[in-house]
Amino acid sequence: MEIRKALVVGAGQMGSGIAQVLAQAGVQVVLNDIKPEFLERGIGVITKNLSRDVEKGRKTEEEKAAVLARILPTTNMGEAHDAQLAIEAATENMEIKKNIFRQMDEVLPAGAILATNTSSLPITEIAAVTSRPELVIGMHFMNPVPVMKLVEIIRGLATTQEVYQSIEDLTKKMEKVPVEVQDFPGFVANRILMPMINEAIYCVYEGVSSVEDVDQVMKLGMNHPMGPLTLADFIGLDTCLAIMEVLHEGFGDSKYRPCPLLRKYVKAGWLGKKTGRGFYQY
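Residues numbered from 1 in each chain as written. Predicted model: local features only at pLDDT ≥ 70, side-chain atom pairs only at ≥ 80, totals over all residues. Heavy atoms only, no water.

**Q** How would you summarise the overall build of the protein chain if you had to cite specific residues and measurements?
**A** Secondary structure assignment for the protein chain yields 11 helices and eight strands. The C-alpha radius of gyration of the protein chain comes to 19 Å, within 12% of the 19 Å expected for a compact globule of 282 residues. Projected onto its principal axes, the C-alpha coordinates of the protein chain cover approximately 55 × 45 × 30 Å. Across the 282 residues that make up the protein chain, the buried fraction comes to 49%. (Helix = DSSP H or I, 4+ residues; strand = E, 2+ residues; numbered from the N terminus. Rg over C-alpha atoms; globule rule 2.2 N^0.38 Å. Buried < 20%, exposed > 50% of the residue type's maximum accessible area, 1.4 Å probe, protein only.)

See below:
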């Protein structure tokens, strides 16, 4: 199936990035969120990204204008009644995602694919609330979406090969690299990344080393571009905690137990860069 028009639900950091790369690939995008100010902020981020591309000579002003013209920001999901694809990019919460999928299932025509950008939640469980589980799939983009090449494509229990192929083709059209993943907690990226971040937090919690020194070890010793605690702040500590809880519950293994210090920071509202304070102050 050729994807000519797509709905993106959620105009935050991930949703706006997904809308941008879809529009750059020539797809008409309906960008939906619950409040006009969320949409304005999302369009502002896209405009800023495209302006930077123009400044660096990667795009012309005409190309920037064409990309923006392909994005329709709206609080009315019904604008996507003739779309071939919907991608949900809401917060990492199962009930919120299920409610959005029920809405998308009602709005989009029969045969349209419903995708989730979840970073850890089960695709099969999300698909079960729809009338089309065979057309539900995971598309886990990396942050920041316009820059990062990887997309984990996750099959649910009922996902058809045709749906997988359509999403793989679209991923390549967006100049991303698709990786096929089965429906296990955390998929591949976060099953490996989050326990590392959690262990780094334990090193601070147990007094093994300071925040700065833990990050320095991983940057200089393991050649990571940024330390795990800086990365946690960029991801959002609430998101890190949510993913660790999915891993812990999904596998029932104590090695995935979220560090108490991570829980404490989240309860304090220290969520990282987005709130101005996490392991570092911003």
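**Q** With reference to specific residues and values, describe the nonpolar core.
**A** Formed by 36 residues in total, the largest nonpolar core has its most connected members in Leu22, Leu85 and Phe141. The element contributing the most residues to this core is helix α1 (residues 13-24), with six residues. Excluding residues within four positions of it along the chain, phenylalanine 141 makes contact with Met14, Ile18, Val21, Asn117, Leu150, Val151 and Met174. (Core = buried A, V, L, I, M, F, W, Y, C linked by side-chain atoms within 4.5 Å. Contact = heavy atoms within 4.5 Å.)

**Q** Please provide a residue-by-residue account of the UniProt feature "domain: 3-hydroxyacyl-CoA dehydrogenase NAD binding" (unreviewed entry) in the protein chain, values included.
**A** When the UniProt feature table is mapped onto this chain, "domain: 3-hydroxyacyl-CoA dehydrogenase NAD binding" (unreviewed entry) is found at residues 7-183. Span residues 7-183 is 41% helix and 21% strand, its end C-alpha atoms 23 Å apart. (UniProt positions renumbered as here; feature names shortened; annotations may be inferred.)

**Q** Got a sec to walk through the environment of isoleucine 43? Specific residues and values, please.
**A** Looking at the secondary structure, you find isoleucine 43 in helix α2 (residues 36-55). Between the alpha carbons of isoleucine 43 and isoleucine 71 there is a distance of 8.6 Å; along the sequence they are 28 residues apart. Not counting residues up to four positions away in its chain, the partners in contact with isoleucine 43 are Leu31, Ile71 and Pro73.

**Q** Any chance you could break down the packing of aromatic side chains for me, citing the residues and the numbers?
**A** In the structure shown here, the tally under the stated rule is five aromatic pairs. Relative to tyrosine 205, the ring of tyrosine 202 lies with its centre 6.1 Å away and its plane at 70 degrees, an arrangement referred to as edge-to-face. In this pair, tyrosine 202 and tyrosine 205 are both assigned in helix α7 (residues 189-205), three residues apart and thus about one turn of the helix distant. Among the residues examined, tyrosine 202 registers a relative accessible area of 10% and is labelled buried. Here the aromatic rings of phenylalanine 234 and tyrosine 282 are separated by 6.4 Å at their centres, their planes lie at 85 degrees, and the arrangement is edge-to-face. Of this pair, phenylalanine 234 sits in helix α9 (residues 228-235) while tyrosine 282 is found in the segment after α11 (260-268), placing the two residues 48 residues apart along the sequence. When its relative accessible area of 37% is taken as the criterion, phenylalanine 234 is described as partly exposed. Given the relative accessible area of 43%, tyrosine 282 is considered partly exposed. The ring centre of tryptophan 270 lies 3.7 Å from the NZ or CZ of arginine 277, which sits over that ring. (Phe/Tyr/Trp six-rings, centres within 6.5 Å; stacked < 30°, edge-to-face > 60°. Lys NZ or Arg CZ within 6 Å of the ring centre and 35° of its normal.)

**Q** Would you mind going over the side chain of threonine 74 in detail, with residue names and values included?
**A** Along the chain, the position of threonine 74 falls in strand β3 (residues 71-74). With relative accessibility at 10%, the residue threonine 74 sits in the buried group.

**Q** Lay out the pattern of salt bridges in plain terms, naming residues and giving numbers.
**A** This structure, assessed with the given rule, holds 11 salt bridges. The partner of lysine 172 in a salt bridge is glutamate 168, and the shortest N-O contact between them spans 3.8 Å. Of this pair, lysine 172 and glutamate 168 both sit in helix α6 (residues 161-173), four residues apart, which is roughly one turn of that helix. According to the relative accessible area criterion, glutamate 168 is buried, its value standing at 16%. What emerges from the salt-bridge pattern is a single network uniting Asp53, Arg58 and Lys59. (Salt bridge = Lys/Arg side-chain N within 4 Å of Asp/Glu carboxyl O.)

**Q** Any details on the pairing of strand β4 (residues 85-88)? Residues and values, ideally.
**A** Of the two faces of β4, the one holding Leu85 and Ile87 and the one holding Ala86 and Glu88 are both buried throughout. Note: β4 against strand β5 (residues 113-116), four bridges, orientation parallel. Residue pairing across strands places glutamate 88 opposite threonine 116, the latter belonging to β5. (Pairing = 2+ DSSP bridges.)

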